[in-house]
Amino acid sequence: MSIQRHVALWCATHREELRGWRRWLHAHPELSHDERKTTAFLAATLREAGLEPRLLPGTGLTVDLGPEAGPRLAFRADIDALPIQEETGLGYSSRVAGVAHACGHDVHATVALVVARALAEAPLERGVRVIFQPAEEVLEGGAVDLVAAGVLEGVEAIFALHVDPSLEVGTVGVRDGAITSATDVVEVEVTGPGGHTSRPHQSADVVFALGSLITQLPALLSRRVDPRSHTVFAFGSVAAGEAFNAIPKSGRLTGTMRTGEIEVWRGAEELVGELVDEVVAPTGCAVELTYRRGVPPVVNDRHATSLAAAAAGRVVRVVRAPQSSGGEDFSWYLDEVPGSMLRLGSRSPGAPRTDLHSGLLVVDERAIEIGAVALAGLVDDYAAPGR
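Residues numbered from 1 in each chain as written. Predicted model: local features only at pLDDT ≥ 70, side-chain atom pairs only at ≥ 80, totals over all residues. Heavy atoms only, no water.

A.B. asks: Which residues make up the UniProt feature "binding site: Mn(2+)" (unreviewed entry) in the protein chain, and what values go with them?
C.D. replies: As recorded in UniProt, the feature "binding site: Mn(2+)" (unreviewed entry) lies at Cys-103, His-105, Glu-137, His-162 and His-357. The named residues occupy 255 residues along the chain; their greatest pairwise C-alpha distance, 13.1 Å, places them in one compact cluster. Along the chain, Cys-103 turns up in the loop between strand 3 (72–78) and helix 4 (105–119). For Cys-103, the contacting residues outside a window of four places in its chain are Leu-82, His-108, Glu-137, His-162, Val-163, Leu-356, His-357 and Leu-361. Position of His-357 among the secondary structure elements: in the loop between strand 16 (339–347) and helix 10 (366–383). His-357 gets classed as partly exposed once you look at its relative accessible area, which sits at 41%. (UniProt positions renumbered as here; feature names shortened; annotations may be inferred. Helix = DSSP H or I, 4+ residues; strand = E, 2+ residues; numbered from the N terminus. Contact = heavy atoms within 4.5 Å. Buried < 20%, exposed > 50% of the residue type's maximum accessible area, 1.4 Å probe, protein only.)

And the structure:
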């Protein structure tokens, strides 16, 4: 019997149990670097099957299955939640005020847990490592710490799934090349002497400088960067002054720089700094840029993606996923070893479309079994002779 078939049968037999795992995780969300109860729950559930999880420093864990010798196949799931209030009204809604699994990480963790528990009862010809990663939702993400801790030692390839509410359950999206974007944080502080709004010529107009940056910086970037790179710059906050008739002494902008091209990402800080200086210089204000590197784009390996598409295609319909402007720290693993991230359809047919990071996000739990069985097919394919 194939590993994929074995996992499918295991899921059918343990359906209520695996949904119970997911609902416990969903009801007990924890923020990045604070996933202590989540880690303990995952470890205890793995130990019930006789597995020996390795706890990571702080939070998170890994578990190895199958032969110790030879290269391993790895599956990664993130386990942290978001500072968002859940509004779904589900019977197993978050019990933590202001914290929710609004990005589907409870589903990712459950898929990985199912894979590990099912493979614990399977005759494996190659080693598998399941990684439960903390702190994906923050910068720097937990992937950096886990790579430094050696979780990729002996790993030949790594895969991950991410729920996608734009796709109906029963669909998996794949894409070779970049599937997410680099995400950097930009903070701009503009200062001047301040003054009266009746006499802006005797001061340096901080608000005018901020407005110029808001409109001109994204526009200039669109002329300096190849539009095919999926580069998006947008400000998310602006703050300056209090009085209607006073030019403030300082103001601040924050935003994000996103791109799907790793070469654009590497030169982004220098380019943004150059353009910020050019825009502000005519206003007479002083400017200070703080540019925080986030994550590079997730660039899926072509061969790994082909194998993932074949494995998923034996279970459900496979479509080509669009490139997202969102960021994902799975990119740091792919800097080290080849692999691929797949999009897991999670919306019930006919259900309203709800985006990720929304308190209204509802995931069709049938996606858990589909994700686990799709990943299990990779164990078969990587063990196949002559691969």
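A.B. asks: Pulling in residues and values, what's your account of the domain arrangement of the protein chain?
C.D. replies: Domain boundaries in the protein chain define domain 1 (3–178 + 298–382) and domain 2 (182–292). The distance between the C-alpha centroids of domain 1 and domain 2 comes to 38 Å. Carbon and sulfur atoms make up 52% of the surface buried where domain 1 meets domain 2, a total of about 640 Å² over both sides. In terms of surface lost to domain 2, no three residues of domain 1 exceed Leu-139, Gln-323 and Ser-325, which account for 65% of the buried area on that side. Summed over the shared surface of domain 1 and domain 2, the result is 0 salt bridges. At the junction of domain 1 and domain 2, the tally comes to 3 residue pairs in polar contact (both at pLDDT 80 or more). (Domains from an automatic or database assignment. Buried area = accessible area lost by both parts, 1.4 Å probe. Salt bridge = Lys/Arg side-chain N within 4 Å of Asp/Glu carboxyl O. Polar contact = N/O pair within 3.5 Å; in protein donor to acceptor, adjacent residues only side chain to side chain.)

A.B. asks: Tell me about the pattern of salt bridges, and please be specific about residues and values.
C.D. replies: With the rule as written, the count across this model stands at 21 salt bridges. Two residues, Arg-117 and Glu-17, come together in a salt bridge whose shortest N-O distance is 3.9 Å. Placement of Arg-117 in helix 4 and of Glu-17 in helix 2 (residues 15–27) is noted, with a sequence separation of 100 residues between them. For Arg-117, a relative accessible area of 8% gives the class buried. Here the residues in one salt-bridge network are Arg-22, Arg-23, Asp-106 and Glu-365, joined through shared partners.

A.B. asks: Give me the lowdown on the UniProt feature "domain: Peptidase M20 dimerisation" (unreviewed entry) in the protein chain, citing residues and values where you can.
C.D. replies: Following the UniProt record, one finds the feature "domain: Peptidase M20 dimerisation" (unreviewed entry) at residues 186–278. Secondary structure content for residues 186–278 is 39% helix and 31% strand, while the C-alpha to C-alpha distance between its ends is 16 Å.

A.B. asks: Lay out the sheet that holds strand 6 (residues 171–174) in plain terms, naming residues and giving numbers.
C.D. replies: Overall, mixed pairing links the 8 strands, which are arranged 1-2-4-3-5-16-6-15 in an open sheet. A strand with exactly one partner marks an edge of an open sheet, and here the two such strands are strand 1 (54–55) and strand 15 (317–320). The pairing of strand 2 (residues 61–65) with strand 4 (residues 127–133) spans 5 bridges and is classified as antiparallel. The residue bridging Asp-64 from the neighbouring strand is Arg-129, located in strand 4. Most of the contacts of helix 10 go to strand 5 (residues 155–168), to which it runs at about 150 degrees, and overall it touches strand 3, strand 4, strand 5, strand 6 and strand 16. (Pairing = 2+ DSSP bridges. Axes fitted to C-alpha atoms, helices over the stretch in contact; angles between N-to-C directions.)

A.B. asks: Quick one: what's the story with the nonpolar core, residue by residue and with numbers?
C.D. replies: When a protein is soluble and globular, its nonpolar side chains tend to lie buried together. Formed by 62 residues in total, the largest nonpolar core has its most connected members in Val-7, Leu-65, Phe-75, Leu-119, Phe-132, Phe-159 and Leu-378. No other element matches the 11 residues that helix 10 contributes to this core. Among all residues touching Phe-159, those that are not within four sequence positions of it are Leu-73, Ala-74, Phe-75, Arg-76, Ala-304, Ala-308, Phe-330, Ser-340, Leu-342, Leu-375, Leu-378 and Tyr-382. (Core = buried A, V, L, I, M, F, W, Y, C linked by side-chain atoms within 4.5 Å.)

A.B. asks: Residue-level account of the environment of Leu-18, with values.
C.D. replies: Checked against the element boundaries, Leu-18 lands in helix 2. Leu-18 gets classed as buried once you look at its relative accessible area, which sits at 0%. C-alpha separation for the pair Leu-18 and Phe-233, spaced 215 residues apart in sequence, amounts to 41 Å.

A.B. asks: An account of the sheet that holds strand 10 (residues 232–240) is requested, with residue identities and associated values reported.
C.D. replies: The 4 strands are arranged 10-12-8-13 in an open sheet whose pairing can be described as antiparallel. Strands at the two margins of the open sheet, each flanked by one partner only, are strand 10 and strand 13 (286–295). Across the sheet, the axes of successive neighbouring strands diverge by a mean angle of 15 degrees, strand direction being ignored. Pairing of strand 10 with strand 12 (residues 250–259) involves 8 bridges; the strand directions are antiparallel.

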